[in-house]
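# Structural features, examined
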Amino acid sequence: MTVSATTATTAARTAGATTAAAGAEVLRPHAEVAFADELKALAAADDRPRPERWRLSPWAVATYLLGGTLPDGTVITPKYVGPRRLVEVAVTTLATDRALLLLGVPGTAKTWVSEHLAAAVSGDSTLLVQGTAGTPEEAVRYGWNYAQLLAHGPSRDALVPSPLMRAMSEGMTARIEELTRIPADVQDSLITILSEKTLPLPELGQEVQAVRGFNVIATANDRDRGVNELSSALRRRFNTVVLPLPATPEAEVDIVARRVDQVGRSLDLPPAPDGLAEIRRVVTVFRELRDGVTTDGRTKIKSPSGTLSTAEAISVVTNGLALAAHFGDGVLRPGDVAAGILGAVVRDPAADRVVWQEYLETVVRERDGWKDFYRACREVSV
């Protein structure tokens, strides 16, 4: 049985309603489900002009991402902690006919921002193309139901729309993750879509023209090996916003604490008393190794091969929280995060292990109040 673009969208929305009803059973709800109350409150309070088919005004979209308090007292939690101007530029880009490219090193919340932008603008963050080395052209354009194709020949009923095709037909926001991992010839199939706002269907002698409200958010990073650089023709079709690493330790600690709390609640992990001290320690270690210098600026140190991103810090602390809850007394301690830090730092067993051992002996060992952390790291590093 085949589905048209309209039928597929209806099915997707029905599935979304089912997902929303499932509630706590879903391990990771989509943004529009997890923050449905905030989006509803913003829509009710939003009296500013909205672009065609947008659920919220650009101001409300930015407020949803950055957080704030509405006139009725509703608190909108921050989804992104960073420069406000970057968010405003990203939102404004989506209000034009230019596609948005979120660029940055791994772990700078590109996917997170992309998902929440799509949820706030279109109410649906699921129109997603996941870029990999094996992503086919059909994932960007369209495919075919071969049973229908063989039985009845090329027709609209036999056509299987891609997420981009569905977004074009309904004026929605489509997402492309890891654009630079997609083969170059598949990337180039985006050029006509982004420049002419049309998707030719030569087999049918037809085309799909994008309706107002359609746009694309793509993400890419410049640290991956084996990526396919964007052609100048394709890059010109995007407005690029570079998402930086958190500017200060305090900002990074805040991000990690917020996300660990969200992830912990979704996994039914109990909150860890005094966990902020260990979060701050993990962030300090990551920042020092990432920057190649200690926080006080007095000691230069070698950096490992990994990125040591904020996302990895969140993973280390979340894993430590699970260890403390299931195998400890519920208090997050150095021994709960030590193994996670080692795994994040030592990606190259030869070179990175030397960097880590040197950091332990020259920095951690001599730091006041870090003796317990030093011992825990030594135990897992042997």
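To keep things clear, this report deals only with the structure shown in the data block. Here the structure is a predicted model, which means the values were calculated and not measured. (Residues numbered from 1 in each chain as written. Predicted model: local features only at pLDDT ≥ 70, side-chain atom pairs only at ≥ 80, totals over all residues. Heavy atoms only, no water.)

Within the open sheet, the five strands sit side by side as S4-S7-S10-S3-S11. Their pairing is parallel. Only two strands of the sheet have a single partner each, and these edge strands are strand S4 (128-130) and strand S11 (238-242). Ignoring which end each strand starts from, the neighbouring axes of this sheet average 20° apart. Sheet analysis places strand S3 (residues 99-103) next to S11, joined by five bridges and oriented parallel. Paired with leucine 100 across the bridge in S11 is asparagine 239. Along the sheet, helix H6 (residues 110-122) contacts S3, strand S7 (173-177) and strand S10 (215-220); its crossing angle with S7, the most-contacted strand, is approximately 170°. (Pairing = 2+ DSSP bridges. Helix = DSSP H or I, 4+ residues; strand = E, 2+ residues; numbered from the N terminus. Axes fitted to C-alpha atoms, helices over the stretch in contact; angles between N-to-C directions. Contact = heavy atoms within 4.5 Å.)

In the structure shown here, the tally under the stated rule is four aromatic pairs. Ring geometry for phenylalanine 35 versus tyrosine 64: centroids 6.4 Å apart, planes at 80°, classification edge-to-face. One end of the pair, phenylalanine 35, is in the loop between helix H2 (31-34) and helix H3 (36-45); the other, tyrosine 64, is in helix H4 (residues 58-66), and 29 residues separate them in sequence. Classification of phenylalanine 35 by relative accessible area gives buried; the value is 14%. Residue classification places tyrosine 64 among the buried residues on the basis of a relative accessible area of 0%. Ring geometry for tryptophan 370 versus phenylalanine 373: centroids 5.4 Å apart, planes at 80°, classification edge-to-face. For the pair tryptophan 370 and phenylalanine 373, one class covers both residues: buried. Here the basic side chain of lysine 79 rests over the ring of tyrosine 64, its NZ or CZ set 4.1 Å away from the ring centre. (Phe/Tyr/Trp six-rings, centres within 6.5 Å; stacked < 30°, edge-to-face > 60°. Buried < 20%, exposed > 50% of the residue type's maximum accessible area, 1.4 Å probe, protein only. Lys NZ or Arg CZ within 6 Å of the ring centre and 35° of its normal.)

Take threonine 310: it is sitting in helix H15 (residues 310-327). Measuring from C-alpha to C-alpha, the distance between threonine 310 and histidine 152 comes to 52 Å, with 158 residues separating the pair along the chain. Excluding residues that lie within four positions of it along the chain, threonine 310 makes contacts with Gly107, Pro246, Glu252, Ile255, Val256 and Arg290. A polar side-chain atom of threonine 310 sits 3.0 Å from a polar atom in the side chain of glutamate 252. (Polar contact = N/O pair within 3.5 Å; in protein donor to acceptor, adjacent residues only side chain to side chain.)

Here glutamate 115 lies in helix H6. Once you skip the residues sitting within four places of it in the chain, glutamate 115 turns out to touch Arg28, Pro29, His30, Ala31, Ser125 and Arg175.

With six of six residues buried, S10 is to be regarded as a mostly interior element. Along S10, one buried face is formed by Asn215, Ile217 and Thr219 and the opposite face, lined by Val216, Ala218 and Ala220, is buried too. As paired strands, S3 and S10 are joined by four bridges and run parallel to one another. Within S10, the position partnered with leucine 101 by the bridge is alanine 218. In the sheet, S7 pairs with S10 via four bridges, with the strands oriented parallel. Following the sheet pairing, threonine 173 is matched in S10 by asparagine 215.

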